[in-house]
Amino acid sequence: MSNSQPTLAKSLTGLHLWGLAVGLVISGEYFGWSYGWAAAGTLGFLITTILIAVMYTTFIFSFTELTTAIPHAGGPFAYALRAFGPLGGFVAGFATLVEFVFAPPAIALAIGAYLNVQFPGLDPKVAAVGAYIIFMALNIVGVTIAATFELFITILAIAELLIFMGVVAPGFSFANFAANGWAGAPEFSVSAIGGIFAAIPFAIWFFLAIEGAAMAAEETKNPTRTVPIAYIAGILTLVFLAFGTMIFAGGVGDWRTLSNINDPLPQAMKAVVGESSGWLHMLVWIGLFGLIASFHGIIMGYSRQIFALGRAGYLPEVLAKIHPKFRTPYLAVLAGGAVGIAAIFSDSLIQIGGLPLTANIVTMSVFGAIIMYIVSMASLFKLRQAEPELARPFRAWGYPVVPAIALGLALVALVAMIYYNFLIFVIFLAMGVVAFGIWRLLSGGITKEAAAST
């Protein structure tokens, strides 16, 4: 791109980045995870969540080395491009793009469904599209405004989760939590192991997309200092909230009544304080902020990924255009939104395995995330070997053991995901093959960034 083009504004602080890291994920503490109880039971899912929490914690303590050494809006694709060349960059870029473009439609529909409960005359799909329009606009008008808003609603969402734990604590009993906790059975058996692995996607939902904060590194003040602090504080915040909400919700009554619903926290609170309590109404209303925080943050993430892929030549260069006034990648914001809105209106028209489109694209989003984690850890090992002199302001803790744990657990998660979601994985691969063919046809298989580096 020409040097006369405007550049991304470096205006974010470490607090902004922490808010983004937590906000990207926090909707996963409010809904989605309780389906893991249906697969594994409370005790089985506790084991699954511990394993996935270890995977994410070791991943973040390793991934931060890449983020600070290569502060790039493309995040994982930039690391893989440097480590493995254009093909590695393609794999990481495609996986990350699937993760971040496919997650928002499901969250937008959840926002629409929530608003429909409060306002029955409001069509959930219209509300979902309205959410896209509002938050795309907010992302376009300026990164500081967008990140400050994200920080504000993330703090509200965290406060609400803490209030939930405090309000239901008097009704908590570990006996309730543990009852029939091994996939519906009172005692552990070999049959419970399958449930533990089947529940992996729901445990990932607790932490999915935290890595998206890396895509704001190019817009962060002093990223070598602020990124490590924000990431480490972010993963510790999320681990505490994930275990706190899950354990307290499961111990207030019969957890099986919460295992197949989208609003486990309000229902758990209702069992303790009754349905007329002001606490319950506050939880229902402020719970919307958890959805908004993740939705808004992921829009910010996908736009930077599309922008970076366009700038590198993996996507049309026009998607890398920066708004001359707001200095944001406005066409990338709109492109990702167009895909999401199309998915919203296709939700009831396309079914895979008997499930609506959005249910399946969430699973596809998880596939993208896991593959990106694997490629990122492989990039860390490759760059340590190939570029030992690369400036690394933050070095992965416990190298090589800690990154190896993250890589090993990600591989286990991928195998389990393929086993339990084989058709979705085949569709994911088919999309990747089509995207690869288009890229090779249009670019000859080399990106502008790769050409420049050679």
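Note that the structure is a prediction, hence the values are computed from the model and not measured. (Residues numbered from 1 in each chain as written. Predicted model: local features only at pLDDT ≥ 70, side-chain atom pairs only at ≥ 80, totals over all residues. Heavy atoms only, no water.)

### Some details on the overall build of the chain
Here is step 1: The helix and strand tally for the chain stands at 17 helices and 2 strands.
Here is step 2: Expected size for 454 residues packed as a compact globule is a radius of gyration near 22 Å; at 21 Å, the chain falls within 12% of this value.
Here is step 3: Viewed in the frame of its principal axes, the chain has a C-alpha envelope of about 65 × 50 × 45 Å.
Here is step 4: For the chain, the proportion of its 454 residues judged to be buried stands at 58%.
Here is step 5: Sequence separation of 24 or more characterises 84% of the internal contacts of the chain that already satisfy a separation of 6 or more.
Here is step 6: Surface exposure of the chain reaches about 17,000 Å², of which carbon and sulfur atoms provide 71%.
Here is step 7: Taking the average location of the 18 positive side-chain charges in the chain and that of its 18 negative ones, the two points are 12 Å from each other. (Helix = DSSP H or I, 4+ residues; strand = E, 2+ residues; numbered from the N terminus. Rg over C-alpha atoms; globule rule 2.2 N^0.38 Å. Buried < 20%, exposed > 50% of the residue type's maximum accessible area, 1.4 Å probe, protein only. Contact = heavy atoms within 4.5 Å. Areas by Shrake-Rupley, 256 points an atom, 1.4 Å probe, with all protein chains shown as cover. Lys, Arg positive; Asp, Glu negative; His and termini not counted. Charge placed at Lys NZ, Arg CZ, Asp CG, Glu CD.)

### A few points about the packing of helix α3 (residues 35-69) against helix α10 (residues 223-250)
Here is step 1: Contact geometry of α3 with α10 gives a least axis separation of 9 Å together with a crossing angle of 175°. Here α3 lies roughly antiparallel to α10, going by the angle between them.
Here is step 2: Classifying every residue of the contact of α3 with α10 gives 20 nonpolar, 7 polar and no charged. (Axes fitted to C-alpha atoms, helices over the stretch in contact; angles between N-to-C directions. Parallel < 35°, antiparallel > 145°, perpendicular 65-115°, else oblique. Nonpolar A, V, L, I, M, F, W, Y, C, P; charged D, E, K, R; others polar.)

### Overview of the packing of aromatic side chains
Here is step 1: Under the counting rule described, the total for this entry stands at 32 aromatic pairs.
Here is step 2: Seen from their ring centres, Phe61 and Trp397 are 4.6 Å apart, and the 50° between their planes marks the pair as tilted. One end of the pair, Phe61, is in helix α3; the other, Trp397, is in the loop between α14 (357-386) and α15 (401-420), and 336 residues separate them in sequence.
Here is step 3: Seen in terms of ring centroids, Tyr419 and Tyr420 are 4.9 Å apart; in terms of plane orientation they differ by 85°. Their pairing is edge-to-face. (Phe/Tyr/Trp six-rings, centres within 6.5 Å; stacked < 30°, edge-to-face > 60°.)

### Things to note about the confidence of the model for the chain
Here is step 1: For the chain, per-residue confidence averages 88 on the pLDDT scale, and residues scoring 70 or more make up 94% of the total.
Here is step 2: For the chain, helix α17 (residues 448-453) is the element with the lowest average pLDDT, namely 55, and α15 is the one with the highest, namely 96. (pLDDT = per-residue confidence, 0-100.)

### A look at helix α13 (residues 330-346)
Here is step 1: The terminal C-alpha atoms of α13, which comprises 17 residues, lie 25 Å apart, in line with the 24 Å expected from a rise of 1.5 Å per residue.
Here is step 2: For α13, the complete set of buried residues consists of Ala332, Val333, Gly336, Gly337, Gly340, Ala343 and Ile344. The buried residues of α13 occupy an angular sector of 125° when projected down its axis, which confines them to one face. (Expected span 1.5 Å × (residues − 1). Arc of directions from axis to C-beta.)

### Remarks on unusual backbone geometry
Here is step 1: Residue Pro400 is reached from Tyr399 by a cis peptide bond, and omega for that bond is 5°.
Here is step 2: Note on placement: Pro400 falls in the loop between α14 and α15.
Here is step 3: At Ala183, a position not held by glycine, the phi torsion is positive, near 55°.
Here is step 4: With respect to the element layout, Ala183 can be found in the loop between α7 (174-178) and α8 (191-198).

### Description of the environment of Ala209
Here is step 1: Its place among the elements puts Ala209 in the loop between α9 (200-204) and α10.
Here is step 2: Taking the C-alpha atoms as reference points, Ala209 and Ala21, separated by 188 residues in sequence, lie 7.9 Å from one another.
Here is step 3: Those residues in contact with Ala209, other than ones at most four positions away along the chain, are Leu24, Val25, Glu99, Phe100, Ile298 and Tyr373.

### A short note on the environment of Pro324
Here is step 1: With respect to the helices and strands, Pro324 occurs in the loop between α12 (278-312) and α13.
Here is step 2: For Pro324, a relative accessible area of 66% puts it in the exposed group.
Here is step 3: Considered as a pair, Pro324 and Thr7 are 317 residues apart in the sequence and their alpha carbons are 8.7 Å apart.

### Re the pattern of salt bridges
Here is step 1: Under the criterion given, the structure shown has 6 salt bridges.
Here is step 2: The shortest N-O distance in the salt bridge between Arg311 and Glu218 comes to 3.0 Å. Here Glu218 lies in the loop between α9 and α10 and Arg311 lies in helix α12, a separation of 93 residues in the sequence.
Here is step 3: Since its relative accessible area comes to 18%, Glu218 is described here as buried.
Here is step 4: Linked by salt bridges that have partners in common, Glu65, Arg384 and Arg392 make up one network. (Salt bridge = Lys/Arg side-chain N within 4 Å of Asp/Glu carboxyl O.)

### Focus on the side chain of Thr154
Here is step 1: Mapped onto the elements of the fold, Thr154 is located in helix α6 (residues 143-168).
Here is step 2: Overall, Thr154 belongs to the buried group, its relative accessible area being 0%.
Here is step 3: In terms of polar contacts, Thr154 uses its side chain to reach the backbone carbonyl oxygen of Gly19, at 3.3 Å. (Polar contact = N/O pair within 3.5 Å; in protein donor to acceptor, adjacent residues only side chain to side chain.)

### Regarding a nonpolar patch on the surface
Here is step 1: Taken together, the side chains of Phe188, Val190, Ile193, Phe197, Val412, Tyr419 and Tyr420 make up a nonpolar region of the molecular surface, amounting to roughly 710 Å² of accessible area.
Here is step 2: By residue number, the principal contributor to the nonpolar patch is α15, which donates 3 residues.
Here is step 3: Assignment of secondary structure puts Val412 in helix α15. (Patch = residues over 30% accessible without salt bridge, like charges linked within 9 Å, V, L, I, M, F, W, Y side chains within 5 Å.)

### Focus: α3
Here is step 1: End to end, α3 covers just 38 Å across 35 residues, shorter than the expected 51 Å (1.5 Å per residue, more than 12% under).
Here is step 2: At Gly41, α3 is bent by approximately 105°, the largest bend along its length.
Here is step 3: The element α3 is largely enclosed, with a buried count of 27 among its 35 residues. (Bend = angle between axes of the 7 residues up to and from the residue.)

### Topic: the environment of Gly340
Here is step 1: Locating Gly340 in the fold gives a position in helix α13.
Here is step 2: When its relative accessible area of 0% is taken as the criterion, Gly340 is described as buried.
Here is step 3: Taking the C-alpha atoms as reference points, Gly340 and Leu15, separated by 325 residues in sequence, lie 29 Å from one another.
Here is step 4: For Gly340, the residues in contact, after removing those within four places along its chain, are Pro105 and Tyr132.

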